[in-house]
Amino acid sequence: KGHCFLSLSLMKVFCTTKRLVKQNMPLAGIDLQAAYFPTIDLEGALFPGANFTSSTLEGATFIRAHLDNANFMQAKLRGSLFNKALLRNANFMEADLREADFSQARLYGARFVGANLEGFYFEEGRIVERSENTILREADLREVDFSNANLTRVDLSGASLAEANFSGANLRDIQWNRQTIWDDVKGLDTAENIPSELLQELGLPRKSEVKTPNPQK
């Protein structure tokens, strides 16, 4: 009780124990690079600034964990639970996030550049049943960077996407509703497979309708 491990290094740790730390145990700046923690339970852990680069965390539980500024670059997070977690400015670059659950997570300023988010699910309300989608209900995604990310079949219903960056992202078959906030989003001009209904709703031309200026003679 009361212990705080700053910059603790546990690189290449292998662990299959269900419970690694007690709830609310502070581990600020912990280094878990390349760790192997499938199905680990980190509910309520305090990991601000933690380094999970290239770690295997499939099926891990981060419910209500404090993970602001954490680094999950190239981490394997398929099926992990991040419900109500604090993930502001977290880095998920090139991470595998398929089927993960980010319900009510706070992701302000997070980076998903090149991440695999196929099947992301953003919807308001309670989870009725588990699906093969990644779930992000009532998530705060303002200023999130989705550059070159795969967002196929993402459900953005009720998501706050103000100033998010979709440059080069794949938006095939995404879903959204009237509560989805698109204020000042960036990069849709280079995003791929944007539904025509969304372009119409946002008052944007279809790519086929964008006229290329004739080169000057």
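Everything below is about the structure shown above.
Residues numbered from 1 in each chain as written. Predicted model: local features only at pLDDT ≥ 70, side-chain atom pairs only at ≥ 80, totals over all residues. Heavy atoms only, no water.

### Some words on the overall build of the protein chain
No. 1: What the protein chain contains, in helices and strands, is one helix and three strands.
No. 2: Burial status across the protein chain gives 47% buried among its 217 residues.
No. 3: Contacts spanning at least 24 positions in sequence make up 22% of the contacts within the protein chain whose residues lie at least 6 apart.
No. 4: Of the accessible surface of the protein chain, which amounts to about 11200 Å², a share of 46% is contributed by carbon and sulfur atoms. (Helix = DSSP H or I, 4+ residues; strand = E, 2+ residues; numbered from the N terminus. Buried < 20%, exposed > 50% of the residue type's maximum accessible area, 1.4 Å probe, protein only. Contact = heavy atoms within 4.5 Å. Areas by Shrake-Rupley, 256 points an atom, 1.4 Å probe, with all protein chains shown as cover.)

### Observations concerning the environment of L97
No. 1: With respect to the element layout, L97 can be found in the segment before β1 (120–122).
No. 2: Between the C-alpha atoms of L97 and E58, which are 39 residues apart in sequence, the distance is 9.0 Å.

### Some remarks on the pattern of salt bridges
No. 1: Applying the stated criterion across every chain, the model contains four salt bridges.
No. 2: Taking the shortest distance from any N to any O, the salt bridge between E43 and R64 comes out at 2.4 Å. Note that E43 is positioned in the segment before β1 and R64 in the segment before β1, a separation of 21 residues in sequence.
No. 3: A salt bridge links D68 to R88; its shortest N-O distance comes to 2.6 Å. Pair noted here: D68 is in the segment before β1 and R88 is in the segment before β1, with a separation of 20 residues, a long-range link.
No. 4: Under the relative-accessibility criterion, D68 is labelled buried at 9%. (Salt bridge = Lys/Arg side-chain N within 4 Å of Asp/Glu carboxyl O.)

Just distances and angles here, no functional claims.
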